[in-house]
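# Observations on the model geometry
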Amino acid sequence: MNAVTRRVVIGTAAVSMALAMTACGKAGGDDSDKGSGDSKSIGLLLPESKTTRYESFDRPLIEKKVKDLCPECKVNYKNASEDVAVQKQQFDDLVAAGVKVIILDPVDSGATKSWVNAAVDKGIKVVAYDRLAEGKVSAYVSFDNEKVGQLQGEGIVSALGDKAADAKVVMINGKESDPNAALFKKGAHSVLDKQVGKVVYEQTGEWDPKIAGEKMGGAITSLGKDGFDAVYSANDGMAGGIVAALQSAGVKGVPVGGQDAELAGIQRILKGTQAFSIYKPYKPEADLTAEIAVKLLNGEKIDSLTTGTIDSPSDKGIPAALIEAKVVTKDDIKDTVVADKLYKVSEICTSEFAKACADAGIK
């Protein structure tokens, strides 16, 4: 388990850090170029696309910030579609192309040690993004993921209200190879084990809505329709599958909590089929990562951007910055995802959700 040696919580507003723009050389090649000595490109490797945040937010935000800071620089982007071998090949392709900085959000953090260390030995800098990759990474930018799990646990307790002390809770966790999933789980258990009656069923949903729905179906079969009082889902995507399984079985009035503030999750909260989500503001995370990557590309120090450290199983004292997350219920949507322009009101408040939006004061 990763040990945070110093917690650094950076609020959304605190990421407006000044970064002097330095001269950038000519960008070379595109995503298909290899071996071209593309020293002014920054590699970006994201793990999957089932979770909507990666293609909708992380990628475009990082690409935009890099372009703002270094107009002639290019982001060489690839998505691994949850395949470790594919991500390893993508990483190797970036190394062969001469990329000097790689932003890596690993499919399997434990698998990255040898690739990262081999790249570092060649003078390449690796920034671990959102998930802590193993190996000699230069920096890590994410959220305080154990705290995120605690917020999820607190969200479940709040949704249960007076029933919490005796409540039976189902947990559908994230993918076991994802270190963040372990931290979410640990944080949630630190709350639930003390404040609810019992966790009566616990499985991994693999970050897949279909699998999560199947696991929820297994819980209903095992426990009965009245055998549980709330469901913890590690993210909103899986919560969608869980809610569908509950509805299919005719189970009503059971609060479901998720994470990521996905559009569909926000709409379910408005509709009342999901109790809450966790809003992790992607823009400050992505912007800060892009700033670090550009500084590393230009040989500059990153001390001002990473004022804490974190340990991985294979390295100690990794410079780190952790962003603050928030619980989002129906009452919070207007002041969080709407205020921060994560989504347009027109995107949230389609005809199906127009009344629910009006009731929540969103217009």
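Now for a look at the structure at hand. (Residues numbered from 1 in each chain as written. Predicted model: local features only at pLDDT ≥ 70, side-chain atom pairs only at ≥ 80, totals over all residues. Heavy atoms only, no water.)

### Concerning the pattern of salt bridges
With the rule as written, the count across this model stands at 19 salt bridges. R59 serves as the salt-bridge partner of E55, at 3.7 Å between the closest nitrogen and oxygen. Here E55 and its partner R59 are both found in helix α1 (residues 53–69), four residues apart, which amounts to about one turn of the helix. Note on R59: relative accessible area 27%, which makes it partly exposed. For K210, the salt bridge is made with E214, and the minimal N-O distance between the two is 2.7 Å. Of this pair, K210 and E214 both sit in helix α6 (residues 209–223), four residues apart, which is roughly one turn of the helix. Classification of E214 as partly exposed rests on a relative accessible area of 47%. Via salt bridges that share partners, R53, D58, D130 and E285 belong to a single interconnected network. (Salt bridge = Lys/Arg side-chain N within 4 Å of Asp/Glu carboxyl O. Helix = DSSP H or I, 4+ residues; strand = E, 2+ residues; numbered from the N terminus. Buried < 20%, exposed > 50% of the residue type's maximum accessible area, 1.4 Å probe, protein only.)

### As for the layout of surface pockets
Of the volumes computed, that of the largest pocket is approximately 390 Å³. Surrounding the largest pocket, 21 residues form its lining, V254, P255, G272, Q274 and A275 being those nearest its centre. Elements with a contribution of two residues or more to the lining of the largest pocket: α4 (145–160) and α7 (236–248). Per element, the largest residue contribution to the lining of the largest pocket is four residues, and it comes from α4. Its residues placed into classes, the lining of the largest pocket shows 10 nonpolar, nine polar and two charged. (1 Å grid on protein atoms, 1.4 Å probe; cavity = no way out; pocket = protein on both sides within 12 Å on 5 of 7 lines; lining within 4 Å. Points joined across faces, edges and corners; volume = space filled by probe spheres on them. Nonpolar A, V, L, I, M, F, W, Y, C, P; charged D, E, K, R; others polar.)

### Section: the pairing of strand β14 (residues 315–323)
In this sheet, β14 lies alongside strand β7 (residues 139–143) in parallel orientation, the contact comprising four bridges. Note on β14: the bridge partner recorded for F143 is I323. Alignment of strand β13 (residues 308–312) against β14, held across four bridges, turns out to be antiparallel. Bridged to S312 within β14 is D315. Between β13 and β14, which pair antiparallel in sequence order, lie two residues. (Pairing = 2+ DSSP bridges.)

### As for the sheet that holds strand β8 (residues 168–173)
Spatially, β9-β8-β10-β11 is the arrangement adopted by the four strands of the open sheet, whose pairing is parallel. Of all the strands in the sheet, just β9 (198–204) and β11 (256–257) have a single pairing partner and so form its edges. Note that β8 and strand β10 (residues 230–233) share four bridges and pair parallel. Along β10, the bridge assignment pairs I172 with S233. Sitting on the sheet, α4 is in contact with β8, β10 and β11, with an inclination near 160° to β10. (Contact = heavy atoms within 4.5 Å. Axes fitted to C-alpha atoms, helices over the stretch in contact; angles between N-to-C directions.)

### Some details on empty space enclosed by the protein
Using a probe with the size of a water molecule, rolled over the atoms, empty space left in the structure can be pinpointed. Taken as a whole and judged by the stated rule, the model has two cavities of 30 Å³ or more. Here the largest cavity defines a volume of roughly 110 Å³. Counting residues per element, the ones that place at least two in the lining of the largest cavity are α1 and α5 (179–195). For the lining of the largest cavity, a count of residues per class yields four nonpolar, four polar and seven charged. Size it by volume and the second largest cavity reaches roughly 40 Å³. What lines the second largest cavity is simply P47, E48, E82, V107, R131, K175, S177, D178 and W207.

### Observations regarding the state of the cysteines
One pass over the full model with this rule turns up two disulfides. One disulfide in the model links C70 with C73; its S-S distance is 2.1 Å. The disulfide joining C70 to C73 has a torsion of about 55° about its S-S bond and is therefore right-handed. Grouping residues by exposure puts C70 and C73 together as buried. In this model C349 forms its disulfide with C357; the gap between the sulfur atoms is 2.0 Å. Every disulfide takes its handedness from the sign of the S-S torsion; for C349 and C357 that torsion is -95°, giving left-handed. (Disulfide = S-S within 2.5 Å.)

### Here we look at the nonpolar core
Across soluble globular proteins, nonpolar side chains have a tendency to be buried as a group. Counting residues in each nonpolar core, the largest one holds 91 residues, and the members touching the most others are M216, F228, V231, I266, I292, I333 and V337. In terms of residue count, the dominant contributor to this core is helix α9 (residues 282–297) (nine residues). Dropping the residues within four chain positions of it, F228 is found in contact with K168, V170, V200, M216, I220, L223, L246, V251 and V254. Core analysis: the next-biggest nonpolar cluster, separate from the first, contains 22 residues, F91, A97, V126 and A128 among them. (Core = buried A, V, L, I, M, F, W, Y, C linked by side-chain atoms within 4.5 Å.)

### What to know about α4
Counting along an α-helix, one turn takes 3.6 residues, and residues three or four places apart therefore face a common direction. Spanning 16 residues, α4 covers 23 Å between terminal C-alpha atoms, matching the ideal 22 Å at 1.5 Å per step. With respect to burial, α4 is a largely interior element, 12 of its 16 residues being buried. Within the span of α4, buried status applies to N145, E146, V148, G149, Q150, L151, Q152, G153, G155, I156, V157 and L160. Trailing α4 by a residue or two, G161 shows a phi angle of about 60°, which is positive. (Expected span 1.5 Å × (residues − 1).)

### Topic: the packing of aromatic side chains
Within the structure shown, the criterion is met by four aromatic pairs. On the numbers, 5.7 Å between centres and 70° between planes, the contact of F57 with Y343 is edge-to-face. Remark: Y343 occurs in the loop between α10 (334–338) and α11 (345–348) and F57 occurs in helix α1; sequence separation between them is 286 residues. Taken together through their ring pairs, the aromatic side chains of F57, Y282 and Y343 make up a single cluster. (Phe/Tyr/Trp six-rings, centres within 6.5 Å; stacked < 30°, edge-to-face > 60°.)

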